Amino acid sequence: MDPIHVIGGGLAGCEAAWQIARAGLRSTVYEMRPLRSTQAHQTDRLAELVCSNSLKSEQENSAPWLLKAELRRLGSLLLDAAQRARVPGGHALTVDRAVFAEEVSRAIESNPLIELRRQEVESIPHGAVTIIASGPLTSDRLAAEIARITGSERLFFYDSISPIVDADTIDMSIVFRASRYGKSLDASADYLNCPFDKKQYERFVDALLEAQNVPAHIPDDRTPFFEACLPIEEIARRGRETLRFGPMKPVGLTDPRTGRRPYAVVQLRQEDARAGSYNLVGFQNHLRFGEQTRVFRLIPGLENAEFFRYGQMHRNTYINAPALLAPTLQLRARPGLFFAGQISGVEGYVESIATGLMAGRLAAALAVGAEVRPFPRPTALGSLCAYVSGADSTNYQPANITFDLLPALDERTLERFRHDKRARHAEVCRRALEALDDSVGQVVSQTGAGALAWHRR
Ligand SMILES: Cc1cc2nc3c(=O)[nH]c(=O)nc-3n(C[C@H](O)[C@H](O)[C@H](O)COP(=O)(O)OP(=O)(O)OC[C@H]3O[C@@H](n4cnc5c(N)ncnc54)[C@H](O)[C@@H]3O)c2cc1C
């Protein structure tokens, strides 16, 4: 049997190849780095996290937790690697990005069923089962090929990354350690918090509004921002108070020096295992580098900060999934072609891993002639696919996993938990995991035969 082609050795591509191997089939993973890099990747490692080092909340019965719980039940390589690369991060699953990429690279490179080819793919192979997982920074030539195959004119919008600061240059006499509401996975105070009073906040907002942006990559570009990941200067332009209710919100934090809640806060999250660097949470921006140094040194505690990385903006490529994809992530017009990861119209690291896992399993099923069935609708996995394949296609925006995407509870259950949102969410999660276990069988999913055993039933 021919190997399954996986284009892109990022989060989705590596997870897909791993799942194909678990089903006992061969795959070829094509990764263009280091021969050709992207605007955001910095290494030649597989599964490099390009921005934040957080795989979101681990809080039980939250939607991001549910998605991770489902992936863990299905033997996700990347969540396993994340567990081994974990660093403190409040109630979030945060990782040392170098350790994470190394773990995944080692697993892929040493798997005898996976061949890794360092090569830029410019055209989609004919006939073979193929997964396109080339990500938000898909090379121009491949993007043009995808546009041609899908009959789309435009495939992209803009996204951004936050700055990283050298830990040794943070003034620890001003910042304080705390997690919001004291919530943390291991009861430690995981974030460094830079507290603002009103005057400092006003001065910071003025400087931000005056700062100069980097010129657009494409003149007269009207590519829209993604609302869930706006640059901070854009948030500030929407109102002087907006930052205080967004990335700079002080809720759940008390400055031990004043005994009061600060007027606003910038949170710094640990980047690497030795705590040598911190990222400015939610501070993605599109300012010139010199302007970032000037403006961000107005943050209390960062007066002498040195930056390891500046915030940046990048093109983000995705297809208009609802117009093109089936709930099995297959291109409706060409079922041998699957899309996974950000390019399939989801948003986020874990969502990319999730679509990679599903595409890998479903492609393996197709390759052996088994039925290619969507994942169960009550699950977070099935709900992601239902969204990408069934949302309104007129102005499609990629989505993170949220409870909005999961099926609503029936009237009786809603009535039962009317005043208890937590209980409602817990019930949605319980139903999702039950549906997953019914379909896959936990025992089967732990074995290498999981993907195919499920699809043959
Ligand atoms: C700037 C930026 C910041 C982001 N920040 C976050 C964040 O903080 N948190 C979050 O949850 N999500 C973030 N995302 C969104 C998304 O979760 C990540 O981009 C994630 O890595 C997507 O996974 P993926 O597998 O789809 O793509 P990737 O992980 O990017 O993998 C795609 C791979 O394909 C390769 N490739 C591209 N074209 C070709 C080709 N023609 N031939 C061969 N190989 C090719 C690339 O080199 C890359 O290794 C960000 C996205 C961008 C663009």
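Residues numbered from 1 in each chain as written. Predicted model: local features only at pLDDT ≥ 70, side-chain atom pairs only at ≥ 80, totals over all residues. Heavy atoms only, no water.

## What to know about the sheet that holds strand 3 (residues 54–57)
Piece 1. Pairing in this open sheet of three strands is antiparallel, and the strands run 3-5-4 from one edge to the other. Each edge of the open sheet carries a strand with a single partner, namely strand 3 and strand 4 (86–87).
Piece 2. Note that strand 3 and strand 5 (residues 92–95) share two bridges and pair antiparallel. The residue bridging S54 from the neighbouring strand is T94, located in strand 5.
Piece 3. Docked against the sheet, helix 2 (residues 63–73) engages strand 3 and strand 5, running at close to 115° with respect to strand 3. (Pairing = 2+ DSSP bridges. Helix = DSSP H or I, 4+ residues; strand = E, 2+ residues; numbered from the N terminus. Contact = heavy atoms within 4.5 Å. Axes fitted to C-alpha atoms, helices over the stretch in contact; angles between N-to-C directions.)

## Quick look at unusual backbone geometry
Piece 1. Between R33 and P34 the backbone carries a cis peptide bond, its omega angle lying at 5°.
Piece 2. Assignment of secondary structure puts P34 in the loop between strand 2 (27–31) and strand 3.
Piece 3. The phi dihedral of K56 is positive, around 65°, even though this residue is not glycine.
Piece 4. Relative to the helices and strands, K56 resides in strand 3.
Piece 5. The exposure class of K56 is partly exposed, given its relative accessible area of 37%.
Piece 6. Look at Y181: it is not a glycine, yet its phi comes out positive at around 55°.
Piece 7. Considering the arrangement of structural elements, one finds Y181 in the loop between strand 10 (176–177) and strand 11 (192–196). (Buried < 20%, exposed > 50% of the residue type's maximum accessible area, 1.4 Å probe, protein only.)

## Focus on the nonpolar core
Piece 1. Counting 98 residues, the largest nonpolar core has L55, F100 and I131 as the members making the most contacts within it.
Piece 2. The element contributing the most residues to this core is helix 10 (residues 349–367), with eleven residues.
Piece 3. Ignoring sequence-local partners within four residues, the contact set of L55 consists of L49, K68, L79, A82, L93, V95, Y349, V350 and I353. (Core = buried A, V, L, I, M, F, W, Y, C linked by side-chain atoms within 4.5 Å.)

## Quick word on the site of the ligand
Piece 1. If you check the shell around the ligand, you find 34 residues, and the closest are A12, E31, Q342, G348 and Y349.
Piece 2. One of the backbone nitrogen or oxygen atoms of S52 is found 3.2 Å away from an oxygen atom of the ligand.
Piece 3. Q342 has a polar backbone atom sitting 2.8 Å from an oxygen atom of the ligand.
Piece 4. Expressed as a share of its isolated accessible area of 970 Å², the protein-covered part of the ligand is 96%.
Piece 5. Mapped onto the shell around the ligand, the elements with two or more residues apiece are helix 1 (11–22), strand 2, strand 8 (156–161) and helix 10.
Piece 6. Tallying contributions element by element places strand 8 first for the shell around the ligand, with three residues. (Near = heavy atom within 4 Å. Polar contact = N/O pair within 3.5 Å; in protein donor to acceptor, adjacent residues only side chain to side chain. Areas by Shrake-Rupley, 256 points an atom, 1.4 Å probe, with all protein chains shown as cover.)

## Examining the environment of A101
Piece 1. Positionally, A101 belongs in helix 4 (residues 97–109).
Piece 2. Between the alpha carbons of A101 and L329 there is a distance of 25 Å; along the sequence they are 228 residues apart.
Piece 3. Contacts of A101, omitting those with residues within four sequence positions, involve R45, L46, A47 and E48.

## Quick look at the packing of helix 10 against helix 11 (residues 380–390)
Piece 1. The N-to-C vectors of helix 10 and helix 11 enclose an angle of 95°; their axes lie 10 Å apart at closest approach. The angle between helix 10 and helix 11 falls in the class roughly perpendicular. Across from E351, A354 and M358 in helix 10, the residues of helix 11 making contact are L381, L384 and C385.
Piece 2. Among the residues making up the contact of helix 10 with helix 11, the classes are represented as five nonpolar, no polar and one charged. (Parallel < 35°, antiparallel > 145°, perpendicular 65-115°, else oblique. Nonpolar A, V, L, I, M, F, W, Y, C, P; charged D, E, K, R; others polar.)

## Quick look at the sheet that holds strand 16 (residues 330–331)
To summarise the sheet geometry, strands pair through backbone hydrogen bonds and adopt either a parallel or an antiparallel arrangement.
Piece 1. Taken in spatial order, the six strands line up as 6-2-1-7-17-16 in an open sheet, and their pairing is mixed. Taken across any chain shown, the strands that pair with only one partner, and hence form the sheet edges, are strand 6 (114–118) and strand 16.

## Thoughts on helix 4
Piece 1. A rise of 1.5 Å per residue sets the reference length of helix 4, with its 13 residues, at 18 Å; its end C-alpha atoms lie 18 Å apart and thus fit the reference within 8%.
Piece 2. Every buried residue of helix 4 is listed here: R97, F100, A101, E103, V104, S105, A107 and I108.
Piece 3. Residues of helix 4 that are buried sit in contact with helix 1, helix 3 (77–84), strand 5, strand 6, strand 9 (164–166) and strand 14 (307–309).
Piece 4. Capping the start of helix 4, D96 holds a side-chain oxygen 3.0 Å from the backbone nitrogen of A98, two or three residues further along. (Expected span 1.5 Å × (residues − 1).)

## Section: the pairing of strand 1 (residues 4–7)
Piece 1. Residues I4 and V6 of strand 1 are buried on one face, and the alternating residues H5 and I7, pointing to the opposite face, are buried as well.
Piece 2. Here strand 1 pairs with strand 2 via four bridges, running parallel. Note that in strand 2 the partner of I4 across the bridge is S27.
Piece 3. Viewed along the sheet, the connection from strand 1 through helix 1 into strand 2 turns out right-handed. (Right-handed = clockwise from strand over helix to strand, strands pointing away.)

## Quick notes on the pairing of strand 15 (residues 312–317)
Piece 1. Among the six residues that make up strand 15, five are buried, leaving the element largely enclosed by the rest of the structure.
Piece 2. Note that strand 8 and strand 15 share six bridges and pair antiparallel. In the sheet register, D159 faces strand 15, and the bridge partner there is H314.

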